[in-house]
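Next come the chains, spelled out residue by residue.
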Amino acid sequence: SSPMSRVNWAAKSPHEYIGNYKLLQNAFNKNKIQRHVDVDKLIRAKYQDNLEFCQWLKAFFDMTAPMLSGGREGYDPVAVRNKGKGGKTVGTNKGG
């Protein structure tokens, strides 16, 4: 895993995106996930590039999540996100 407190949730410019993608790539490397994050493509925000990456990430999660020991019970994603830069300003969808 990677310290979520280092994620810049309020990133608005390419140099801020790059920092976040480097965190992601480092987490992949640390966990021996053989996937290169093509930062140049993703920061351009082209629909197809981002869709392909999101589809891969979802498929990877679906494939590996059942193998996580202890599962994700007790994990509070909002509390973790709030520790990062701009995390408290990111809106949450509470439905309704």
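Positions within a chain are numbered from 1, following the residues in the order the chain's sequence is written. Local features are withheld for residues below a pLDDT of 70 in this predicted model, meaning they are given only at 70 or higher, and side-chain atom pairs are given and counted only at 80 or more; totals for whole chains, interfaces and linings count all residues. To get the side-chain values, all heavy atoms of the structure are used, and hydrogens and water are removed first.

A. A look at the environment of asparagine 26. You can see asparagine 26 is positioned in helix H1 (residues 14–30). Spatially, the C-alpha atom of asparagine 26 lies 9.8 Å from that of valine 37, the residues being 11 residues apart in sequence. Put simply, DSSP marks the helices as runs of H or I at least four residues long and the strands as runs of E at least two long, and each gets a number from the N terminus on.

B. Broad picture of the packing of aromatic side chains. Two rings from Phe, Tyr or Trp (for Trp, the six-membered ring) form a pair when their centres sit within 6.5 Å of each other. Planes less than 30 degrees apart are called stacked, planes more than 60 degrees apart edge-to-face, and all others tilted. Going through the model one piece at a time under the given rule, you end up with 3 aromatic pairs. Here the aromatic rings of phenylalanine 53 and tryptophan 56 are separated by 6.1 Å at their centres, their planes lie at 35°, and the arrangement is tilted. Taken together, the residues span about one helical turn, with phenylalanine 53 and tryptophan 56 both in helix H3 (residues 47–64) at a distance of 3 residues. An aromatic cluster is built from Phe28, Phe53, Trp56 and Phe60, whose rings are joined through pairwise contacts.

C. Spatial organisation of the nonpolar core. By nonpolar core is meant a set of buried Ala, Val, Leu, Ile, Met, Phe, Trp, Tyr and Cys residues that side-chain atoms within 4.5 Å join together. Under the scheme applied here, a residue whose accessible area is under 20% of the maximum for its type counts as buried, over 50% as exposed, and between as partly exposed, the area being computed with a 1.4 Å probe on protein chains only. Grouped together as the largest cluster of nonpolar side chains are 6 residues: Phe28, Ile33, Val37, Val39, Leu42 and Phe53. In this analysis, two residues are considered to be in contact whenever any of their non-hydrogen atoms come within 4.5 Å of each other. Not counting residues up to four positions away in its chain, the partners in contact with phenylalanine 28 are Ile33, Arg35, Val37, Phe53, Trp56 and Leu57.

D. Highlighting the side chain of glutamine 25. Within the secondary structure, glutamine 25 sits in helix H1. A relative accessible area of 15% means that glutamine 25 is categorised as buried. Excluding residues that lie within four positions of it along the chain, glutamine 25 makes contacts with Arg35, His36 and Val37.

E. Region of interest: the pattern of salt bridges. When a carboxyl oxygen of Asp or Glu lies within 4 Å of a side-chain nitrogen of Lys or Arg, that pair is called a salt bridge. Within the structure shown, the criterion is met by 1 salt bridge. With a shortest N-O distance of 2.7 Å, lysine 58 and aspartate 62 are connected by a salt bridge. Of this pair, lysine 58 and aspartate 62 both sit in helix H3, 4 residues apart, which is roughly one turn of that helix. The class for lysine 58 is partly exposed, based on a relative accessible area of 48%. Overall, the relative accessible area of 41% leaves aspartate 62 in the partly exposed class.

Purely geometric stuff here, so don't read any function into it on its own.
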